[in-house]
Amino acid sequence: MMKKKRLSASKASLVLFLCQMISALDVPLDSKLLEELSQPPTITQQSPKDYIVDPRENIVIQCEAKGKPPPSFSWTRNGTHFDIDKDAQVTMKPNSGTLVINIMNGGKAEAYEGIYQCTARNERGAAISNNIVIRPSRSPLWTKEKLEPHQVREGDSLVLHCRPPVGLPPPIIFWMDNAFQRLPQSERVSQGLNGDLYFSNVQPEDTREDYICYARFNHTQTIQQKQPISVKVFSMDSLNDTIAANLSDTDIYGAKPVTEKQPILLTPTGSTSTKVELRGSVLLLECIAAGLPTPGIHWIKEGGELPANRTFFENFKKTLKIIDVSEADSGNYKCIARNILGSAYHVISVTVKAAPYWITAPRNLVLSPGEDGTLICRANGNPKPNISWLANGVPIAIAPEDPSRKVDGDTIIFSHVQERSSAVYQCNASNEYGYLLANAFVNVLAEPPRILTPVNKLYQVIADSPALLDCAYFGSPKPEIEWFKGVKGSILRGNEYVFHDNGTLEIPVAQKDSTGTYTCVARNELGKIQNEVQLEVKDPTMIIKQPEYKVIQRYGQVSFECIIKHDSTLLATVTWLKDNDELPDDERFLVGKDNLTIMNVTDKDDGTYTCIVNTTLDSVSASAVLTVVARPNPPFDLELTGQLERSVELSWIPGDENNSPITSFVIEYEDGLHEPGVWHYQTEVPGTQTTVQLKLSPYVNYSFRVIAVNEIGRSQPSEPSEQYLTKSANPDENPSNVQGIGSEPDNLVITWEPLKGFQSNGPGLQYKVSWRQKDVDDEWTSVIVANVSKYIVSGTPTFVPYEIKVQALNDLGYAPEPSEVIGHSGEDLPMVAPGNVQVHVINSTLAKVHWDPVPLKTVRGHLQGYKVYYWKVQSLSRRSRRHVEKKILTFRGNKTFGMLPGLEPYSSYKLNVRVVNGKGEGPASPDKVFKTPEGVPSSPSFLKITNPTLDSLTLEWGSPTHPNGVLTSYVLKFQPINNTHELGPLVEIRIPANESSLILKNLNYSTRYKFYFNAQTSVGSGSQITEEAVTIMDEVQPLYPRIRNVTTAAAETYANISWEYEGPDHANFYVEYGVAGSKEDWKKEIVNGSRSFFVLKGLTPGTAYKVRVGAEGLSGFRSSEDVFETGPAMASRQVDIATQGWFIGLMCAVALLILILLIVCFIRRNKGGKYPVKEKEDAHADPEIQPMKEDDGTFGEYSDAEDHKPLKKGSRTPSDRTVKKEDSDDSLVDYGEGVNGQFNEDGSFIGQYSGKKEKEPAEGNESSEAPSPVNAMNSFV
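Residues numbered from 1 in each chain as written. Predicted model: local features only at pLDDT ≥ 70, side-chain atom pairs only at ≥ 80, totals over all residues. Heavy atoms only, no water.

Caption draft 1: Layout of the overall build of the protein chain. Summing up its helical and strand segments, the protein chain has seven helices and 92 strands in all. Taking the contacts inside the protein chain whose residues are at least 6 apart along the sequence as the reference set, 64% of them involve residues at least 24 apart. Total accessible area on the protein chain stands at roughly 69000 Å², and carbon and sulfur atoms take up 50% of it. (Helix = DSSP H or I, 4+ residues; strand = E, 2+ residues; numbered from the N terminus. Contact = heavy atoms within 4.5 Å. Areas by Shrake-Rupley, 256 points an atom, 1.4 Å probe, with all protein chains shown as cover.)

Caption draft 2: Quick look at the sheet that holds strand β3 (residues 59-61). In spatial order, the strands read β3-β8-β7; together these three strands make up an open sheet with antiparallel pairing. In this open sheet, the two strands that pair with only one neighbour each are β3 and β7 (90-92). Each adjacent strand pair in this sheet contributes to an overall mean axis angle of 20 degrees, direction not counted. (Pairing = 2+ DSSP bridges. Axes fitted to C-alpha atoms, helices over the stretch in contact; angles between N-to-C directions.)

Caption draft 3: Structural view of the sheet that holds strand β89 (residues 1083-1086). Sheet architecture is open: four strands sit in the order β89-β88-β91-β92, paired in antiparallel fashion. Every other strand in the sheet has two partners, leaving β89 and β92 (1122-1125) as the edge strands with one partner each. Averaged over all adjacent pairs, the angle separating strand axes in this sheet is 30 degrees, with direction ignored. Judged from the seven bridges that link them, strand β88 (residues 1069-1075) and strand β91 (residues 1104-1111) form a sheet pairing that is antiparallel. Counted as the bridge partner of Gly1074 is Lys1106 from β91.

Caption draft 4: Representation of the pattern of salt bridges in the model. One pass over the structure, following the stated rule, counts 41 salt bridges. Here Glu145 ties to Lys226 by a salt bridge, and the two come within 2.3 Å at their closest N and O atoms. One end of the pair, Glu145, is in the loop between β11 (132-136) and β12 (150-153); the other, Lys226, is in the loop between β18 (222-225) and β19 (229-234), and 81 residues separate them in sequence. Here Lys512 ties to Asp539 by a salt bridge, and the two come within 3.4 Å at their closest N and O atoms. Placement of Lys512 in the loop between β44 (505-507) and β45 (516-524) and of Asp539 in the loop between β46 (527-538) and β47 (542-545) is noted, with a sequence separation of 27 residues between them. Overlapping salt bridges bring together Arg153, Asp156 and Lys261 as one network. (Salt bridge = Lys/Arg side-chain N within 4 Å of Asp/Glu carboxyl O.)

Caption draft 5: The arrangement of the packing of aromatic side chains in detail. Considering all chains together, one arrives at 23 aromatic pairs under this definition. Pairing Trp957 with Phe1013 gives two aromatic rings, centres 4.7 Å apart and planes at 45 degrees, and the pair type is tilted. With Trp957 in strand β80 (residues 953-960) and Phe1013 in strand β84 (residues 1008-1017), the pair connects residues that are 56 residues apart, well separated along the chain. Residue classification places Trp957 among the buried positions, given a relative accessible area of 4%. In textbook terms, an aromatic cluster arises when at least three aromatic residues are bridged by ring pairs, as seen for Phe174, Phe180 and Tyr214. Geometry around Phe897 places Lys895 over its ring, the cationic atom sitting 5.2 Å from the centre. One Lys or Arg, Lys1084, reaches over the ring of Tyr1070 and ends 4.2 Å from the middle of that ring. (Phe/Tyr/Trp six-rings, centres within 6.5 Å; stacked < 30°, edge-to-face > 60°. Buried < 20%, exposed > 50% of the residue type's maximum accessible area, 1.4 Å probe, protein only. Lys NZ or Arg CZ within 6 Å of the ring centre and 35° of its normal.)

Caption draft 6: The pairing of strand β57 (residues 636-641), seen in detail. In this structure, β57 lies alongside strand β58 (residues 647-653), joined through four bridges in antiparallel fashion. Across the sheet, Phe636 pairs through a bridge with Ile653, a residue of β58. Here β57 hands over to β58 after five residues, with Gly642 in that stretch at a positive phi of 60 degrees.

Caption draft 7: Seen up close, the environment of Leu571. Locating Leu571 in the fold gives a position in the loop between β50 (563-565) and β51 (573-578). Along the backbone, Leu571 and Thr616 are 45 residues apart, and their C-alpha atoms lie at a distance of 7.5 Å. The residues touching Leu571, leaving out its near neighbours within four places in the chain, are Asn614 and Thr615.

Caption draft 8: Summary view of a nonpolar patch on the surface. A contiguous nonpolar surface patch, about 640 Å² in accessible area, is contributed by Leu1152, Leu1155, Ile1156, Ile1159, Val1160, Phe1162 and Ile1163. Residue Ile1159 is classed as partly exposed on the basis of its relative accessible area of 46%. (Patch = residues over 30% accessible without salt bridge, like charges linked within 9 Å, V, L, I, M, F, W, Y side chains within 5 Å.)

Caption draft 9: Summary view of the nonpolar core. Counting 30 residues, the largest nonpolar core has Ile59, Ile61, Trp75, Ile101 and Tyr116 as its most contacted members. Among the elements of the structure, β3, β4 (63-68), β5 (72-77), β8 (99-101), β9 (114-122) and β11 are those that each provide at least two residues to this core. By residue number, the principal contributor to this core is β9, which donates three residues. Excluding residues that lie within four positions of it along the chain, Ile59 makes contacts with Val53, Leu99, Val100, Ile101, Ile103, Ala109, Tyr112 and Ile134. Grouped together as the second largest cluster of nonpolar side chains are 20 residues, Ile662, Tyr669, Val692 and Tyr702 included. (Core = buried A, V, L, I, M, F, W, Y, C linked by side-chain atoms within 4.5 Å.)

Caption draft 10: Structural detail: unusual backbone geometry. Of note, the bond from Leu168 into Pro169 is cis; its omega dihedral lies within 30 degrees of zero at -10 degrees. Cis peptide bonds are those with omega within 30 degrees of zero, and the linkage from Thr267 to Pro268 qualifies with -5 degrees. Mapped onto the fold, Pro268 is located in the loop between β20 (261-267) and β21 (272-278). In this structure, Asp637 is a non-glycine residue whose phi angle is positive, near 55 degrees. Inspection of the secondary structure puts Asp637 in strand β57. Of the residues examined, Asp637 reaches a relative accessible area of 56% and is grouped as exposed.

Caption draft 11: Summary view of the state of the cysteines. Applying the stated criterion to the full structure yields six disulfides. The residue that forms a disulfide with Cys287 is Cys335, at a sulfur-sulfur distance of 1.8 Å. Disulfide Cys287-Cys335: torsion about the S-S bond near -70 degrees, hence left-handed. Within this pair, whereas Cys287 is found in the loop between β22 (283-286) and β23 (288-292), its partner Cys335 is found in strand β27 (residues 331-339), the two being separated by 48 residues in sequence. (Disulfide = S-S within 2.5 Å.)

Caption draft 12: Representation of the environment of Phe891 within the structure. Of note, Phe891 is situated in strand β75 (residues 887-892). The class for Phe891 is buried, based on a relative accessible area of 10%. Along the backbone, Phe891 and Gln864 are 27 residues apart, and their C-alpha atoms lie at a distance of 8.5 Å. Non-local contacts of Phe891, meaning those with residues more than four positions away in its chain, are made with Trp851, Gln864, Gly865, Tyr866, Val868, Phe897, Gly898 and Met899.

Caption draft 13: Layout of the confidence of the model for the protein chain. The share of residues in the protein chain with pLDDT of 70 or more is 84%, and the mean pLDDT across the chain is 83. Long-range and interchain partners of residues 1131-1135, a stretch whose pLDDT sits below 50, account for four contacts in this model, where long-range means more than four residues apart. Scored below 50 in pLDDT, residues 1169-1277 makes 154 contacts in the model with residues more than four places away or belonging to other chains. (pLDDT = per-residue confidence, 0-100.)

Caption draft 14: View of the environment of Leu1003. Tracing the backbone shows Leu1003 in the loop between β83 (997-1000) and β84. Looking at Leu1003, the relative accessible area reads 9%, which means it is buried. Note: C-alpha distance between Leu1003 and Leu950 (53 residues apart in sequence) is 7.6 Å. Those residues in contact with Leu1003 that sit more than four places away from it in its chain are Leu950, Asp951, Ser952, Leu953, Phe974, Tyr1009 and Thr1031.

Caption draft 15: Fine view of the pairing of β92. Here β92 shows one buried face, formed by Asp1122 and Phe1124, and one open face, formed by Val1123 and Glu1125. Two strands pair when backbone bridges link them, and β91 and β92 are joined in this way by four bridges, in the antiparallel orientation. When the sheet's bridge partners are listed, Lys1106 is paired in β92 with Val1123.

Laid out in structure tokens, this is it:
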């Protein structure tokens, strides 16, 4: 018999172990080194024994196996060979034994029911699968039955039977209503394990007609529905009403009230029953009882306890559930149903049987020729299972004989095996509850040695630690292993080395000189092989500065050090742990290279901190404890002793100090009689004291608690002491904060702060309120009021002083005499306005106002001060009014003057003054007008420098937004700047205030200048604005292109912009425009292509616009601005021109004229002559036709022969002889876009597209609207 060998940690040595163990495991075929090893088949995957399939889908019966060579597969069905080639519906997957039965293309699942078994076979044996029972799932319909309505008396029990159809597998049962809502269940109403619905007692609310039982068949994903069941519950009240309607008044009638019932069991019936359950399954026991009130269910196991951790109660304790049952769970289980009238019980005798289960399953065996081995198959069950053996799927009794094999019950013994002894053996353990089948092969191999450890594998270890050098090997017979150091070294022997059976060489204490090359040699009778590995010994990792114990207060900062030293060839990582777990995910924890810092330490940071240093070879750690001192724990065991009327002694035991000595104790009390739940401060004693004598007040139900205090803070309060109620007494004090203030001119409101509950000293707390007018010989007027905080005295004079006092009293008497306070009755609005208001202007932004105080009697209240209302009327420089915004300044007390800051220079203001008391403001004084003097202006609104030349620049500017006076002049200063940004001499020029531009001449060419510009008033100079500009270098070749001669022609809602451009080709232009005089940003339109005209559309009629043209890519270069105005909006005329008489006459004249011209042309042509159309037109110009001028293509005016000037640009009034709108309906205004009629459909000038040939007549303007008669005539000429 072979000896068991030691197991290596490497995968390769695991394979060697598999080869050497008697009960060896599979040789891993996917290992590259073992690809050539032969192996009998092994079943790796198979379908379950009881395989229920969906009859609508293809049936897939799995059978996968591995082996070397790859196995072939065959099947049996119901014990006979299943020839899949003869059934077109059945196919086997390639390189697999898995069957696919095609049901979806015409096959029927019922035709393939049966018991299937798969066999995988190669030259070394055959493995078989379990018997796989194929059954299609079934979801039959409910059998038709006539369901009678259930009529039940209130309080009786009821069972609604479900009786679902028998399906495969059994369905899941649930009860719902017509709305597909689950019926609510409770201790009274619940569903049994058989699907029936049980009512322990019915109630009127159980009446309904839609109790529906549903059966869900999960395998086919279908739900079957039983017909609805109707339940009618008759209550005692309804029965009494029915009886009363059928009996006379003299009859005795009346049903008995609902009768309570003691429990009886609805299921199971009788007093005892039995149940058999299999080991490892779930045991479900059920008891459902009837009774009124609803019984409760209790479970016990006779003679034992219910198994802990495996016992559960379901269905309102009506079901006992024990999972993973074993033979020990057999016994008698009693359920007891109990209500107030009694109990009922049932005993269920449970027997746990067991299908076979493995004790020792046979394991694959790999042997060398001549070796011995055994296969062991041990199973248990209840009853004891029968063990039988098969060889290559055939009962061993009829299998081919093998002289090396001997069967001894559950064991097969192999002696001196040979290669022909390889086979697969099956062990079958079975009893009446099931069977187990296991395949185990015997593989006899003869192989030369193989070393599985990679060549030149590098091992690294730390000095003074063990070194394990692997030499995982495989061979059959088992090879012998030898180790050498170096390529030509001697064989290793001695106590300094340990040689393991799996080939591993162990050096127990590796040193630096152990570094080197080691050679492993494996040999058996079939061959020899060797392999080299490398060993490196590294310096150990050390912590040379370990973290130290720390004590820190909460919210402090603490740092732990961890300085390390390690082998330079290894990478070390440092990890910090807290209490052997990861650091909290908190930004307060800062991990540095050599330390850990914790910011704002809290109580939860207390613990042990560990620094762990890891390399690939070793790991070291060091720990330190952090103690966080915290608030003390609360005191406990409070005790009251020595109770007197006005004192008591309190004692306590201190809690834990939490590493910080207790400095004091704070005692608080609660008045459970007047303010329950509210705690008040009582006193404080030193931390060394644990008793205190407390002073008490009468009529207070005291509870005390103690709070401990140390340097860190206060503890949580202790548990309250017992209560102590003191006796009642007269009040010791009177209300505080007594005041008298009127809310109306004719009343006095007396208020006070009431005594707190414990200050009342007894029940029936009230107040005596007394008052009298001051300095008047009157008696005190008194009233007694309840425990309130206010009393109103009506009918008082306006704002007079009163003497007031409030005294407390209770059922036992009065408090001491109170002190008097002075109050006033209600205020009224002041009667007069301040007089003699004077204003003294100090400077342009500040003025001082004076007034005479009003008599105090006219204030009629507490004088609070004076309010000054002031507002700007207008600016003296612009003479324009704006919205008046009044400002208010309040001057407290009896003040008679005030300053008005923030005024605007050179402006006119008004102000008035009013007196203010607690009621409000009095009348205003007459408005006082004053003016502020001039100030310095703001900076000019803009400064723009354009048109640079060789020696000149043009400056344009805008006047200041706030001139603050009359502008006297502008001051311009400028100086050159050289290439090093040094400033040259400063030149100053004064410019008249009415100028807005200036051309500076005689400047240096190609020079940068800096300009400083500001405005002046008579007061002085305002803030300046600066700008820089550069003169050009060469006037013949300017640096930038030029855009000049920008012209505009405007209509009502659009304008045609044209310009001349000098510069590089392919320039991209844009047009900027805006409302003239507006501060709004310029609007920008991009011009498509390189055209020199553009139409601005969407303009507002009758509006002045500014426009300029620029070139893209030339920053800051634009044309000068041009201003134009759109025409006024004209009324639209929707007239059908074809129905107008003048138009018809005109068309007739045109037709006649054309006819005459054609006749003349025909005559002259016949004579060989030519008809000069152009000359004829000039000689016989029709006064109704507006000619087209050839030079610019625009329409000429109707005028005398010497007057042939074109219309002025933008003019809307023609000369005397043109046809005006009011004289004729055929005006151009009616038919053009509104003004000049000078544009084509795209808005471009007609002159650009007409009159190109001198001898050809000009073409008329085309329009998308109704054509002008003039245009129509021009088109005929």
